[in-house]
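Observations on the model geometry
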Amino acid sequence: MSRHVAVYGAGSWGTAFSLVLADAGCEVTLWGRRVELVDAINDTRSNPDYLPQVKLPDNVRATTDPAVAAHGADIAVLAVSAQSVRPLLEGWAGQWQPRTVFVSLMKGVELGTGALMSEVIAETTGARPDRIAVLSGPNLAAEIVDRQPAASVVACADEGTAVLVQKACHTSYFRPYTNTDVLGCELGGAIKNVIALAVGVTDGMGLGDNAKAALITRGLAEATRLGAAMGASPLTLAGLAGMGDLVATCASKLSRNHSFGYRLGLGLTVAQTQELTKQTAEGVASCQAVQGLAERHGVEMPIMQTVVDIIHGGQDPQRAVHALMSRAPKPETPFRPGTADD
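Residue numbers here run from 1 along each chain, matching the order of that chain's written sequence. With the structure being a predicted model, the display of local features is reserved for residues of pLDDT at least 70 and the display and counting of side-chain atom pairs for 80 or more, all residues being used for whole-chain, interface and lining totals. In computing side-chain properties, one takes all heavy atoms of the structure into account and sets aside hydrogens as well as water.

**Observations regarding the nonpolar core**
The test is simple: The criterion is simple. A nonpolar core is a set of buried Ala, Val, Leu, Ile, Met, Phe, Trp, Tyr and Cys residues joined through side-chain atoms within 4.5 Å. The rule is simple: take the accessible area with a 1.4 Å probe, protein chains only, and divide by the maximum for that residue type; under 20% is buried, over 50% is exposed, in between is partly exposed. Runs of H or I in DSSP of at least four residues are treated as helices and runs of E of at least two as strands, each being numbered from the N terminus. In what follows, residue pairs with any heavy atoms lying within 4.5 Å of each other are defined as contacts.
Ranked by internal contacts, the top residues of the largest apolar core, which has 44 residues, are I191, L226, V290, M301 and I311. Taken together, the elements giving at least two residues each to this core come down to α8 (182-204), α9 (208-230), α11 (240-251), α12 (256-266), α14 (282-296), α15 (302-311) and α16 (317-325). Sequence-distant contacts of I191, defined by excluding residues within four places in its chain, comprise A223, L226, V290, M301 and M304. Membership of the second largest hydrophobic core comes to 41 residues, among which are A79, V101, L105 and F174.

Laid out in structure tokens, this is it:
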């Protein structure tokens, strides 16, 4: 039986995931804000602003009306920016069926509240945990639309719901796994964006692969400590939604967060970099929210703090990296739940 899926967000990831869903046999309605973009998608079967090279299947249609997208949807996929989703969902309240499953593709933490995306969805839609899933993993949109092999994780408190979403997006090139650790998957996705900013800075400064490897490894340690303090499984952070996503985002020039950090490392200001960046780099806003979670749970995250200092504190990247490297030397001990020192 074909499933009806609404995808909210006609950017690169929303468009790419629409392709995956369509290839898996779903009927997809893609919601976008701008009339001209939606018309172009329907008329040319491609997204000229984000992924002009991909031809979308006929079972993907676009609309600017969120109610049209919601009508009859078995699954509602959210691929908008993390900081804009709350007002959007509040404005769309009551449009979905009581059985509709919500799937978050968003990788961020809400500023001000420190809420994860699953929590925002629950608060604004009234959906129970068994109707809220997250999808996270090393999923670069430009590779997925070329139908290159990729894997991801569908996490939901209810295993049956996770399997439902898994089946809706499983193709010959896109392999989703299931997990019940929603918290761990969301934290992994949010934190890797910030670590990618840090790696981008060092790449822009020409500091080499040793620095990159150190940041990725110690960034994973920071994510794992915060995850354990909040109740997530360390194994989740070591999997596709943690380490896998971290490696892809930090190593690829296709990553918007890495690209943002790279420009900072070259010497551009935050304002100049934001002007050049066409798509949302979620780590730029989320780094403060993640640092707030760390402080709330008593977890030290020096890389996270360094990124906050550079982007929001105006600190020179050269001095920030020097300060990070000048921290007191300590042993690298195996991870133990409850430890916060680095």
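**Description of the packing of α8 against α14**
Selection criterion: Throughout, an axis means a line fitted to C-alpha atoms (over the contacting stretch in the case of helices), and angles, computed between N-to-C directions, take values from 0 to 180 degrees. Throughout, a crossing is termed right-handed when the near helix is turned clockwise from the far one, and left-handed when it is turned anticlockwise from it by less than a right angle. Residues were grouped as follows: Ala, Val, Leu, Ile, Met, Phe, Trp, Tyr, Cys and Pro as nonpolar; Asp, Glu, Lys and Arg as charged; and all remaining residues, including Gly, as polar.
Direction vectors running N to C along α8 and α14 enclose 115°, while the axes themselves pass 9 Å from each other. By crossing handedness, the relation of α8 to α14 is classed as left-handed. On α14, the residues touching L187, A190, I191, N193, V194 and L197 of α8 are E282, G283, V284, C287, V290 and L293. Partitioning the contact of α8 with α14 into residue classes produces nine nonpolar, two polar and one charged.

**Some words on the side chain of D203**
Tracing the sequence through the fold places D203 in helix α8. The residues contacting D203, other than those within four sequence positions of it, are G208, K212, C250, H258 and Y262.

**Some points on the side chain of D74**
Note the cut-off: Residues adjacent in sequence count toward polar contacts only when both atoms are side-chain atoms; beyond that, a polar contact is any pair of N or O atoms within 3.5 Å, and within protein one must be able to donate a hydrogen and the other to accept it.
For D74, the position within the fold is in the loop between α3 (66-70) and β4 (75-78). Exposure remark for D74: the relative accessible area of 11% places this residue in the buried category. For D74, the side chain forms a polar contact with the side chain of R99, separated by 2.5 Å. Beyond its immediate stretch of four places on either side in the chain, D74 contacts R3, H4, Q97, R99, T100 and V101.

**Some remarks on the pairing of strand β7 (residues 150-156)**
Every regular strand shows the same layout, with side chains that alternate between the two sheet faces. Put simply, the rule reads: Strands were regarded as paired on the criterion that DSSP finds at least two bridges between them.
Where burial is concerned, most of β7 is hidden: seven out of the seven residues are buried. Examined bridge by bridge, strand β6 (residues 132-136) and β7 share four bridges and lie antiparallel to one another. Bridge pairing in β7 links A133 to C156. The sheet contact formed by β7 and strand β8 (residues 174-179) spans six bridges and is parallel. Pairing of A155 across the sheet is with N179, part of β8.

**Thoughts on the sheet that holds strand β2 (residues 27-31)**
Across the sheet, eight strands lie side by side as β3-β2-β1-β4-β5-β6-β7-β8; this open sheet has mixed pairing. Only two strands of the sheet have a single neighbouring strand rather than two, namely β3 (60-63) and β8. Strand after strand, the sheet turns through a mean of 25° between neighbouring axes, direction not considered. Against the sheet, helix α1 (residues 12-23) makes contact with β1 (4-8), β2, β3, β4, β6 and β8, and its axis sits at roughly 170° relative to β2, the strand it touches most. Running over the sheet, α8 touches β6, β7 and β8 and is turned about 40° from β6.

**Observations concerning the pattern of salt bridges**
Our working definition: We define a salt bridge as a side-chain nitrogen of Lys or Arg found within 4 Å of a carboxyl oxygen belonging to Asp or Glu.
On inspection of all chains with the given rule, the structure shows twelve salt bridges. Residue D245 pairs with K192 through a salt bridge whose shortest N-O separation is 3.6 Å. Of this pair, D245 sits in helix α11 while K192 sits in helix α8, and the two are 53 residues apart along the sequence. The residue E300 makes a salt bridge to R327 at a minimum N-O spacing of 3.3 Å. Pair noted here: E300 is in the loop between α14 and α15 and R327 is in the segment after α16, with a separation of 27 residues, a long-range link. Overall, the relative accessible area of 29% leaves R327 in the partly exposed class.

**So, the packing of α8 against α12**
Following both chains from N to C, one finds α8 and α12 inclined at 35°, their axes separated by 6 Å at the closest point. The way α8 lies across α12 gives a crossing that is right-handed. Contacts between α8 and α12 involve N193, A196, L197, V199, G200, V201, D203 and G204 from the first element and N257, H258, F260, G261, Y262, L264, G265 and L266 from the second. Tallied by class, residues from the contact of α8 with α12 come to eight nonpolar, seven polar and one charged.

**Details of unusual backbone geometry**
The phi torsion at R45 lies on the positive side, around 65°, for a residue other than glycine. Note on placement: R45 falls in the loop between α2 (35-44) and β3. Phi is positive for R147, close to 60°, though the residue is something other than glycine. Looking at the element boundaries, R147 is found in the loop between α6 (141-144) and β7. The partly exposed category is assigned to R147, whose relative accessible area is 37%.

**Some details on α2**
Of the positions making up α2, those classed as buried are L37, V38, A40, I41 and N42. As for α2, its buried residues are in contact with β2 and β3. Once α2 ends, the next one or two residues include R45, with phi positive near 65°.

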